[in-house]
Amino acid sequence: MELSLAYIMSQILIIIYYLIYSYTFHLKDSNKILVFGIVATIISSISYVLLNAYTGMAMCLVAIIRNLLFAKDKKNKLSLIFIFVVTLIASIFTFDSYFCLFNILATLIYTFALWQKNTKIYKLLGIIVNGLMIVYNIYIKSVLGVILISSAFISSIVGFLKENKCIINMYK
């Protein structure tokens, strides 16, 4: 890992991305989750390019298409299938290590989570997605990515627990 200008810029963008991304786990409106997700994902894709992490960048481009498509019509099963196929095609062209599978799987799971109307499912699957992304960020040597996705991981757990007050009430 070299402390080049590109690396430093990628880390700054990652900070901005994770602030926005973590915020989505505290929203109850699925349309707001999608809008904030698009903004965050554009920022993330630029950081991946700066890190030469092309699978990450490709998954971000898929995510932008997904979010725009889901904002228009989330209920359509064909939209979900289309995004899964696009994800797999993009994966073929950018795959360079088995560690890329963590990012690809995270994209597929997150796509399914966003497709759900129930934000409880979104928040539960977000925990899994964040765990997978911790491993991918270790692979691409993004120090702040690892630190901040760990924060997002905690935030997704807190968001899930807040959404499921019955779980919290059990411990009072």
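Residues numbered from 1 in each chain as written. Predicted model: local features only at pLDDT ≥ 70, side-chain atom pairs only at ≥ 80, totals over all residues. Heavy atoms only, no water.

Secondary structure assignment for the protein chain yields eight helices and zero strands. Along the chain direction, N to C, the helices and strands of the protein chain fall in the order α-α-α-α-α-α-α-α. For a compact globule of 172 residues, the expected C-alpha radius of gyration is about 16 Å, and the protein chain comes in at 16 Å, within 12% of that figure. For the protein chain, the spread of C-alpha atoms along the principal axes amounts to about 50 × 40 × 25 Å. For the protein chain, buried positions account for 49% of its 172 residues. In the protein chain, the share of contacts with a sequence separation of at least 24, taken over all contacts with a separation of at least 6, comes to 69%. Of the roughly 9000 Å² of accessible surface on the protein chain, 75% is carried by carbon and sulfur atoms. (Helix = DSSP H or I, 4+ residues; strand = E, 2+ residues; numbered from the N terminus. Rg over C-alpha atoms; globule rule 2.2 N^0.38 Å. Buried < 20%, exposed > 50% of the residue type's maximum accessible area, 1.4 Å probe, protein only. Contact = heavy atoms within 4.5 Å. Areas by Shrake-Rupley, 256 points an atom, 1.4 Å probe, with all protein chains shown as cover.)

Moving on to the environment of I89. By the secondary structure assignment, I89 is in helix 4 (residues 77-94). A relative accessible area of 43% places I89 in the partly exposed class. The sequence separation of I89 and A58 amounts to 31 residues, and the corresponding C-alpha distance is 9.9 Å.

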